[in-house]
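Working through the structure, step by step
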Amino acid sequence: MNLAFAMFLSILGLLLGFFTWGKYVARKAGVNPEIPTPAVRINDGVDYVPTKPIVLLGHHYASIAAAGPIVGPTLALIYGFVPVWLWLLLGVIFIGAVHDFSALFVSVRENGRSIAHIARKTLGNVGFAFFLSFAILLIMLVNAAFLQLTAIALTSYYPISKLGLPPDQTLLKTTVINGEVHGKIGGIASTSVIIITLLAPFVGYLLYRKRVKTYIASVLALGIALFSVVIGFKYPITLDPQLWMVIILFYSFFASWIPVWLVLQPRDFTNVHFLYIGLASLVLGIVGSGFAGVRIQAPSFNINYESMEALGFVWPFLFVTIACGAVSGAHSLIATGTTSKQLANEKHAHLIGYGAMLLESLLGLAVAFTILGALDFEHYKELVWPMQGGHLKQGNAPLAFAVSVGKILSTGIGIPISYGTIFGILMLEGFLITTIDTLFRLMRYFFEELWNVLFKKKPAILDSRVFNSILGITLTALLAFTNGYQRIWPIFGSANQLLADLTLVAVTAWFAHKSIKAYFAAIPAGFMILTTITSLLILLKRYIESKNLTLMITDVLLLSLAIGVVFLTFKYFFKLREELTKEKVPEPVK
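Residues numbered from 1 in each chain as written. Predicted model: local features only at pLDDT ≥ 70, side-chain atom pairs only at ≥ 80, totals over all residues. Heavy atoms only, no water.

**A word on the overall build of the protein**
Within the protein, the regular secondary structure consists of 21 helices and 5 strands. A compact globule built from 590 residues would reach a C-alpha radius of gyration of about 25 Å, and the protein, at 23 Å, matches this within 12%. Based on the C-alpha atoms only, the size of the protein along its principal axes is roughly 100 × 60 × 45 Å. Burial analysis of the protein (590 residues in total) assigns 62% to the buried set. Contacts in the protein between residues at least 24 apart in sequence constitute 86% of all its contacts with a sequence separation of at least 6. (Helix = DSSP H or I, 4+ residues; strand = E, 2+ residues; numbered from the N terminus. Rg over C-alpha atoms; globule rule 2.2 N^0.38 Å. Buried < 20%, exposed > 50% of the residue type's maximum accessible area, 1.4 Å probe, protein only. Contact = heavy atoms within 4.5 Å.)

**Quick look at the confidence of the model for the protein**
Considering every residue of the protein, the mean pLDDT works out to 86; 98% of them sit at 70 or more. Mean pLDDT per element in the protein: strand S5 (residues 391-392) is the minimum at 78, and helix H5 (residues 81-109) is the maximum at 95. (pLDDT = per-residue confidence, 0-100.)

**Examining the nonpolar core**
In terms of nonpolar packing, the biggest core is built from 218 residues, with Phe-131, Phe-146 and Leu-363 touching the most fellow members. Broken down by element, this core gets its largest block of residues, 26 residues, from helix H6 (residues 115-154). (Core = buried A, V, L, I, M, F, W, Y, C linked by side-chain atoms within 4.5 Å.)

**Here we look at the packing of aromatic side chains**
Taken as a whole, this structure holds 21 aromatic pairs when the rule is applied. Residues Phe-18 and Tyr-354 carry aromatic rings whose centres are separated by 6.4 Å and whose planes lie at 55 degrees to one another, so their mutual orientation is tilted. Here the residue Phe-18 occupies a position in helix H1 (residues 3-29), and Tyr-354 occupies one in helix H14 (residues 349-374), the gap between them amounting to 336 residues. Taking the centre distance of 5.2 Å and the plane angle of 15 degrees together, the rings of Phe-81 and Trp-85 count as stacked. Of the two residues, Phe-81 and Trp-85 both sit in helix H5, 4 residues apart, roughly one turn of that helix. Each member of the pair, Phe-81 as well as Trp-85, carries the same accessibility label: buried. (Phe/Tyr/Trp six-rings, centres within 6.5 Å; stacked < 30°, edge-to-face > 60°.)

**Points about the pairing of strand S3 (residues 180-183)**
Pairing analysis gives 2 bridges linking strand S1 (residues 158-159) to S3, with the strands arranged antiparallel. In the sheet register, Pro-159 faces S3, and the bridge partner there is His-182. Examined bridge by bridge, strand S2 (residues 174-177) and S3 share 4 bridges and lie antiparallel to one another. Each bridged residue has a counterpart across the sheet, and for Val-176 the counterpart in S3 is Val-181. (Pairing = 2+ DSSP bridges.)

Following this line, the structure appears as structure tokens:
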């Protein structure tokens, strides 16, 4: 299939989904622009801050996108092109975007409370504690995987000969690896990360204290982003991957408890310019490559022993490997943890909740088209699923993405491969960091809520933002430093999708309580619960056979919590049905 035709067809499908199914879901949910949102009513200047829709869309999109729609499709392409394409397109319209919108809308109606707190109204304190524990475990898995991916991206090297550069080039700082000259492409992104983070408080001050116009702040943010890259070319910072992981953990500690306007929002606002430009560039590169005659270089289906060894059966593992981009439970944590506290008007929920998820799907589709247009299937497997000793081993998915970006931008719009590859690394880094810091902040919220449930008179230290931030970071570090990202990814994907299931169940119960028949949420919930519990059971067998104690324990905890929530949900619906039946039975005439 021609790349341009595949891209046009995908964009058309997403637009139809936004203006038809998305509008239908928003109407059924009961969006009302006249009802003041919690951001307007509370407005405490720390967590509850009414935000301009374009700024909030940028923050929300940057927070949800992360590495998921890049790494997930990159890994899953081992199944072939068609399964990945259909799941990214249909999954997001009917499941993922519905999930994100519903979680955001219900949270806004519940005073900006988290999805776990929303579940408390229907499932009680036990269900509330289950949801909180589940969310904390998921954030640990997400951030452990993303932490490693960030370190890999920021320390990536690539042969300059494959970037189209001569041995005497002066564009990139280089080093020699195994007798071959490699460019320090990750070091450029490292410098950019540091500069954008250091200047974030200045951008936040202008946006939220001086109230400068959004377009002025946007021009400044874009200037900072470009300046950071220029300095990165001149002074790339190269550190050990594990040292980078420690540095990111320290940054996340501070970002998780200081005011949201000081670092988190302005860093995302600056970084999102990379992401928007990157997404637009990818689409243009794909379309341009398509007009140049580039076609998808992969089999339509590759469901065989090779893909089985890499990931497992296409069902359920395709549906959990591609989480972000199709459906992702982590989005409910962001939508109900930070975004709902910043929504200035309910009418923006459709754009930010449903629309941002479609943008993430577009990114996932663009990633798939980029890789399959730039690399032949054998080269793809060499980078992502290399063979060693007759078995597949962990590859470098971030590098495969960056190299593909360089080649597709070169073919499609004439940007040199070297610049395009570096831009790919910058894009990936931007998605990763903006999600890691947001999720650590959410983990702090969830710990604070969990202690309120578990203790009637809790120790004073459990009220401390600093203590709860340190606790979350320590647990995540323990997981990240003991397992590789490709080992964590399947259980992360399963947990992520399972939280999406449970979120859909919780919002369905909320809608039922309001006498709204939310079949648009209930049917996807049933399909995904069956899919994700099956994947966790298969993974548990793997972990027992490989004697991986940390992931085995995590898997058992996830299954136990999920079964507990499902049981409580059925109990609630049966109780609700009995109450409704009693209301319909007329009293006997005396």
